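Here's the letter readout for the chains.
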There are 2 protein chains.
Amino acid sequence: MFLIRRYYSSVQRIAQIANATKPGDTLQIQGWIKNVRRLKNNIFLDISDGSTSEKFQLVVPRNLDTHQLTLGSVVSAVGRVQLAPNGHYELHADEVKALAEGHVQSGYPFSPKQKHPPEYVREHLHLRSRIDYIAAQMRIRHKAQKAIHDYMDALNFVQINTPILTTNDCEGAGEVFRVQPDSERLLKQMARPNVPPEQSYFDQKVFLSVSGQLHLEAMSYGLGNTYTFAPAFRAENSKSPLHLAEFYMFEAELVHIEQLDTLAAFIERMLKDITNRLLNSSASDLHFCQQNANASSDLAWLQAPWKILSYDEAMALVVANSDKLKSAVSPDEGFSKEQELFLVAHCGAPVFVLNWPTQQKPFYMKISRSDPQRVHALDLLMPSVGELCGGSLRECDAELLAAHPQLPKDLAWYVDLRKYGGLPTGGFGMGFERYLQLLTGVKNIRDVIPYPRYPHSCKM
Amino acid sequence: MFLIRRYYSSVQRIAQIANATKPGDTLQIQGWIKNVRRLKNNIFLDISDGSTSEKFQLVVPRNLDTHQLTLGSVVSAVGRVQLAPNGHYELHADEVKALAEGHVQSGYPFSPKQKHPPEYVREHLHLRSRIDYIAAQMRIRHKAQKAIHDYMDALNFVQINTPILTTNDCEGAGEVFRVQPDSERLLKQMARPNVPPEQSYFDQKVFLSVSGQLHLEAMSYGLGNTYTFAPAFRAENSKSPLHLAEFYMFEAELVHIEQLDTLAAFIERMLKDITNRLLNSSASDLHFCQQNANASSDLAWLQAPWKILSYDEAMALVVANSDKLKSAVSPDEGFSKEQELFLVAHCGAPVFVLNWPTQQKPFYMKISRSDPQRVHALDLLMPSVGELCGGSLRECDAELLAAHPQLPKDLAWYVDLRKYGGLPTGGFGMGFERYLQLLTGVKNIRDVIPYPRYPHSCKM
């Protein structure tokens, strides 16, 4: 692997120095100058190459050419690794070269000495990766995806790229984005009789996906267990710090699953395993982001066994404690965010709420054979973010499904899946950004995704 | 890992039987009946659970209840593993249970004894994963993505989820899809002065991404090497077997890269490594798909060193051989598909074509300092699919970039990246589906993606 890593560059990335070198080794680094202290014999530079949130010091003797070593500049240095008095590695330069100027005095919006509020940083989206806590979030985001793929692959789940363009309009809930070619000329060229002109590319209305679940199910009927990790879209006019117009969903579909608590056990084990992988791969970035967000780093939920409540038990708890809660209690409408967080605090652990009222949940969930007023659905409630996952057993009886009053009329294909060799299946979906918020304590979802899209904002 | 695998099910997946068991072991399988042969003492069933394209035989003695064991039904069986005379493992059932009926006589479009043409299979998209070669493609597709993520992660590249929604309209080339909320009510509610009503959600025209490159570059200026694996969209009226309206792009951006042949060497090494990983993980699926497509399975390009030609050398070869070529030779317009394949055949290996005429390539490519008529761009040409990757060094001089006549007017941010601590960067993009076609020999791109979207077709 070392050979490959050096294939296109002999440069050592700073994050790897502690593992790959020992004091006295000679190596080359390249990065941006984040801080400059000029002392009598040496100049001390903090260097970042984007690989770690830990500070790395480059010590440059005054006898080298140092006048271009200014804040924001890109520098390349060759030198010897030494152990600094604080126990960290640092590099003592033998050669140093400024590759490009920082020009931080000429309109650069960030000051290295100042902690800018996230709203301000977001205004300069194209330069945001240069802010240390954003870079750390992006590395965590990468490693979290990697952990999900590694975990699911080890369990022989097949990742399916569920489509972004779909004719499924999410039960006509009106929160979808519509798609058409931008070119009027193309639309005219492709016109067909009886098709509205703006629909002529696909001959029908096409939307951006709000969930890959139904497409995933169709694949599971040939492949067994499947999952998808894909962008999803909601055209909501929401300024909430938990919602985006474009976000990522991790969804899985399990075959031959007959019990809802089996699904809950799978989710708990998966989330704990993935989080432990992240603690291994990204401990310093996680710690850095938590500190930056003034968030706790104990992740107590990782140790405790998670709780299971029925919907009725959970609602009874909320009703009994309604005097402590600001939000109105509506037994027919589920829980407010405040009530979700109350349940988690009350149980002292994440909570699965099982067996929901049928009228609150969509047509595809399996109706209880002993109590048709309940479906085999679950929500997972977590500290600080509330609902993180939603899941259910799916209705696997083709006749019951076909007779469901809320079945959308263009979903005959979905019933077909059950007709020919039906299976008991179940699955869940998780908002990936909420999981990142849970891990790092970041308040606003706009700061855990590289390019946030929300009402009145789609920069770049 | 074994403990986790069995957590939600005690069922053994067929693909793992050869590795995880030995003759005499007792185990449980579940799957669809793909074939039934009734002999005097036993019924022989081919069982598929979606995990492998290799046949697996279940032997059921006649003294068990077998009347529901019909084609297409879902069956669960417990039995002992035995080595069949052909050297394969098979299961001799002690218990067997039909879980659901196949109903293949009641409108199921596929006949198990018949090989349906891909056009016909595509008509029944929701049932397509039950066709063995489609299921094999989906498993290969999964493992190919996994190999890309594993490879890039090992090299410390950070995966960036580049946005799907963007205001970048790809230089106004007119091949983009436009996005807006479907709800007229929402558009009215969000209306702002001086914003056209259909643009009121984002206050401007928003498109589906055609490439993540520019967004990736912005991230590389803080994080170093990055990559993206994401859907991309083209609103072209193309019936070509190499084009889709929604497809996947693998793009990477490398920092501190100064030479184009370094980029070529990276691409060659990466593609060979990823393909070797796939040969390890998916040999039988690859072989199955190649056979099904009547394609060669030798992948000779994997062994040979790849060739490098300058654009001028490549064009001279085409001109010298124009009598053998049907397509017109246009030195100012690059190569036709036929000419690309001729160059590959002529060289007996994949070919990188380097240093393209400036006027043929986009504004962001680095112009040669010694010959401004040439940019540091490369195309990778492969057998059977032609162009697989395109890449370049990026123009890193902010002033040259700002003065480029083709710079889109809303890309001031892109120039900004270079202004503050500029870097020599370079990168490439690869059409993921074309790579799958190259591997498996599948002629039509619509058959290597779960849900193909193309003109007049967006099913499900």
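Keep in mind it's a predicted model, so treat the numbers as computed, not measured. (Residues numbered from 1 in each chain as written. Chains lettered and ligands numbered in written order. Predicted model: local features only at pLDDT ≥ 70, side-chain atom pairs only at ≥ 80, totals over all residues. Heavy atoms only, no water.)

A. Just the overall build of chain A, in detail. When helices and strands are tallied, chain A shows 13 helices and 16 strands. Each principal axis of the C-alpha atoms in chain A carries an extent, and together these give about 85 × 60 × 45 Å. Considering chain A as a whole, with its 460 residues, one finds that 60% of them fall into the buried category. Sequence-distant contacts, at least 24 apart, represent 66% of the contacts inside chain A between residues at least 6 apart. (Helix = DSSP H or I, 4+ residues; strand = E, 2+ residues; numbered from the N terminus. Buried < 20%, exposed > 50% of the residue type's maximum accessible area, 1.4 Å probe, protein only. Contact = heavy atoms within 4.5 Å.)

B. Region of interest: helix 10 (residues 337-347) of chain A. All names here are of chain A. For helix 10, every residue scored as buried is listed here: Q339, E340, F342, L343, V344 and C347. In this structure, the buried residues of helix 10 make contact with strand 12 (307-310), helix 9 (311-320), strand 13 (351-357), strand 14 (374-382) and strand 15 (386-393). With its phi angle positive at about 70 degrees, G348 sits one or two positions after the end of helix 10.

C. Layout of the interface of chain B and chain A. Counting residues at the interface gives 121 residues for chain B and 121 residues for chain A. Of the roughly 10900 Å² buried where chain B meets chain A, counting both sides, 57% is carbon and sulfur surface. Inspection of the chain B/chain A interface yields eight salt bridges. One salt bridge in this structure joins D153(A) and K143(B), with 2.9 Å as the shortest N-O distance. Top contributing element to the side of chain B that touches chain A by residue count: helix 4 (residues 132-154) of chain B, with 13 residues. Among the residues making up the side of chain B that touches chain A, the classes are represented as 56 nonpolar, 38 polar and 27 charged. Across five bridges, strand 8 (residues 177-181) of chain A lies against strand 8 (residues 177-181) of chain B in antiparallel orientation. Residue pairing across strands places F177(A) opposite P181(B), the latter belonging to strand 8 of chain B. (Buried area = accessible area lost by both parts, 1.4 Å probe. Salt bridge = Lys/Arg side-chain N within 4 Å of Asp/Glu carboxyl O. Nonpolar A, V, L, I, M, F, W, Y, C, P; charged D, E, K, R; others polar. Pairing = 2+ DSSP bridges.)

D. Highlighting the domain arrangement of chain A. All names here are of chain A. Splitting chain A by domain gives domain 1 (2-100) and domain 2 (130-175 + 210-447). With centres defined by C-alpha atoms, the gap from domain 1 to domain 2 works out at 44 Å. On the domain 2 side, the residues contacting the six residues of domain 1 number six residues. Both faces considered, domain 1 and domain 2 share a buried interface measuring about 460 Å² in area, 36% of it formed by carbon and sulfur atoms. Linking domain 1 with domain 2 are zero salt bridges. Joining domain 1 to domain 2, the criterion identifies four residue pairs in polar contact (both at pLDDT 80 or more). A breakdown of the residues in the side of domain 1 that touches domain 2 according to their chemical character gives no nonpolar, four polar and two charged. (Domains from an automatic or database assignment. Polar contact = N/O pair within 3.5 Å; in protein donor to acceptor, adjacent residues only side chain to side chain.)

E. Quick look at the packing of helix 4 (residues 132-154) of chain A against helix 8 (residues 283-292) of chain A. Residue and element names in this part refer to chain A. Here helix 4 crosses helix 8 at 135 degrees, and the two axes come no closer than 9 Å. Taken together, helix 4 and helix 8 sit at an angle that is classed as oblique. By crossing handedness, the relation of helix 4 to helix 8 is classed as left-handed. In this structure, helix 4 uses D132, Y133, A136, Q137, R139 and I140 to contact helix 8, whose residues at the interface are D285, L286, F288, C289 and N292. Split into classes, the residues belonging to the contact of helix 4 with helix 8 amount to six nonpolar, two polar and three charged. (Axes fitted to C-alpha atoms, helices over the stretch in contact; angles between N-to-C directions. Parallel < 35°, antiparallel > 145°, perpendicular 65-115°, else oblique. Left-handed = near helix turned anticlockwise from the far one by under 90°.)

F. Quick peek at the nonpolar core. In terms of nonpolar packing, the biggest core is built from 57 residues, with L271(B) and Y435(B) touching the most fellow members. It is helix 7 (residues 260-281) of chain B that contributes the most residues to this core, nine residues altogether. Ranked by size, the runner-up nonpolar core spans 56 residues in total, among them M249(A), A264(A), L278(A) and F432(A). (Core = buried A, V, L, I, M, F, W, Y, C linked by side-chain atoms within 4.5 Å.)

G. The arrangement of unusual backbone geometry in detail. Residue and element names in this part refer to chain B. If you check the backbone angles, H256 has positive phi at about 55 degrees while not being a glycine. Along the chain, H256 turns up in the loop between strand 11 (246-255) and helix 7. Given the relative accessible area of 17%, H256 is considered buried. The residue N355 is not glycine, and still its phi comes out positive at about 65 degrees. Considering the arrangement of structural elements, one finds N355 in strand 13 (residues 351-357). Among the residues examined, N355 registers a relative accessible area of 30% and is labelled partly exposed.

H. Structural context of the sheet that holds strand 11 (residues 246-255) of chain A. All names here are of chain A. Taking strand neighbours across the sheet as the criterion, the eight strands line up as 6-10-11-16-15-14-13-12 in an open arrangement whose pairing is mixed. The sheet terminates laterally at strand 6 (158-159) and strand 12, the two strands that pair on one side only. Here six bridges tie strand 13 to strand 14, and the two strands are oriented antiparallel to one another. By the bridge assignment, P357 is partnered in strand 14 with R374. Of the strands in this sheet, strand 6, strand 10 (226-233), strand 11 and strand 16 (425-431) touch helix 4, which is tilted by about 150 degrees from strand 10. Relative to strand 11, helix 6 (residues 213-223) is tilted by about 30 degrees, and along the sheet it contacts strand 6, strand 10, strand 11 and strand 16.

I. Inspection of the environment of S209(B) at higher detail. Residues and elements named next belong to chain B. With respect to the helices, strands and loops of the structure, S209 is situated in the loop between strand 9 (206-208) and helix 6 (213-223). Take S209: its relative accessible area is 4%, and that puts it in the buried class. With 47 residues separating them along the chain, S209 and T162 place their C-alpha atoms 8.8 Å apart. A distance of 3.1 Å separates a polar side-chain atom of S209 from the backbone oxygen of S211.

J. Broad picture of the relation of the copies chain B and chain A. Mapping chain B onto chain A leaves a residual RMSD of 0.0 Å; the transformation is a rotation of 180 degrees accompanied by 0.0 Å of translation along its axis. Taken together, the turn and the small shift mark the pair as related by a two-fold rotation axis. Relative to the rotation axis, the closest C-alpha in chain B is found at V179(B), a distance of 2.4 Å. The residues that chain B uses at the interface reappear at the interface of chain A in 100% of cases, marking a shared surface. (Least-squares fit on C-alpha atoms with pLDDT ≥ 70 in both.)

K. Quick peek at the packing of aromatic side chains. Evaluated as defined, the whole model comprises 40 aromatic pairs over all chains. Taking 4.7 Å as the distance between ring centres and 75 degrees as the angle between the ring planes, the aromatic pair formed by Y201(A) and F202(A) counts as edge-to-face. Taken together through their ring pairs, the aromatic side chains of F157(A), Y227(A), F250(A), F266(A) and F428(A) make up a single cluster. Lying across the ring of Y454(B), R446(B) places its NZ or CZ 3.5 Å from the centre. (Phe/Tyr/Trp six-rings, centres within 6.5 Å; stacked < 30°, edge-to-face > 60°. Lys NZ or Arg CZ within 6 Å of the ring centre and 35° of its normal.)

L. Layout of the pattern of salt bridges. Residue and element names in this part refer to chain A. All told, the structure shown has 44 salt bridges over all chains when counted by the stated rule. In this structure, R37 and D46 form a salt bridge, with 3.2 Å as the shortest nitrogen-oxygen distance. Residue classification places R37 among the partly exposed positions, given a relative accessible area of 34%. Close ionic contact of R128 with D447 constitutes a salt bridge, the shortest N to O distance being 3.1 Å. In this pair, R128 is assigned in the loop between helix 3 (118-122) and helix 4 and D447 in the segment after helix 13 (432-440), connecting sequence segments 319 residues apart.

M. Representation of the environment of G391(B). Residue and element names in this part refer to chain B. Summarising the element assignment, G391 is placed in strand 15 (residues 386-393). With relative accessibility at 4%, the residue G391 sits in the buried group. Considering only alpha carbons, one finds G391 and M365, 26 residues apart in sequence, at a separation of 8.8 Å. Among residues more than four places away in sequence, those in contact with G391 are L263, M365, H376, A377, L378, G427 and F428.

N. A look at helix 6 of chain A. All names here are of chain A. The element helix 6 is extensively covered by neighbouring structure, given that 11 of its 11 residues are classed as buried. For helix 6, the set of buried residues is Q213, L214, H215, L216, E217, A218, M219, S220, Y221, G222 and L223. Of the residues one or two after helix 6, G224 is the one with positive phi, at around 85 degrees.

O. Summary view of the side chain of R130(B). With respect to the element layout, R130(B) can be found in the loop between helix 3 (118-122) and helix 4. The charged side chain of R130(B) is buried without a salt bridge, its nearest counter-charge being D416(A) at 8.2 Å. Within the structure, R130(B) has its side chain in polar contact with the backbone oxygen of Y420(A) (distance 2.5 Å). The residues touching R130(B), leaving out its near neighbours within four places in the chain, are Y221(A), G222(A), L417(A), Y420(A), K34(B) and Y108(B). (Lys, Arg positive; Asp, Glu negative; His and termini not counted.)

P. Up close: the sheet that holds strand 3 (residues 57-61) of chain B. Residues and elements named next belong to chain B. As summarised here, the arrangement of the five strands in space is 1-2-3-5-4, forming a closed barrel in which the pairing is mixed. Taken pair by pair, the neighbouring strands of this sheet meet at an average axis angle of 55 degrees, ignoring direction. Bridging between strand 2 (residues 42-48) and strand 3 involves five bridges; their strand directions are antiparallel. Following the sheet pairing, I43 is matched in strand 3 by V60.

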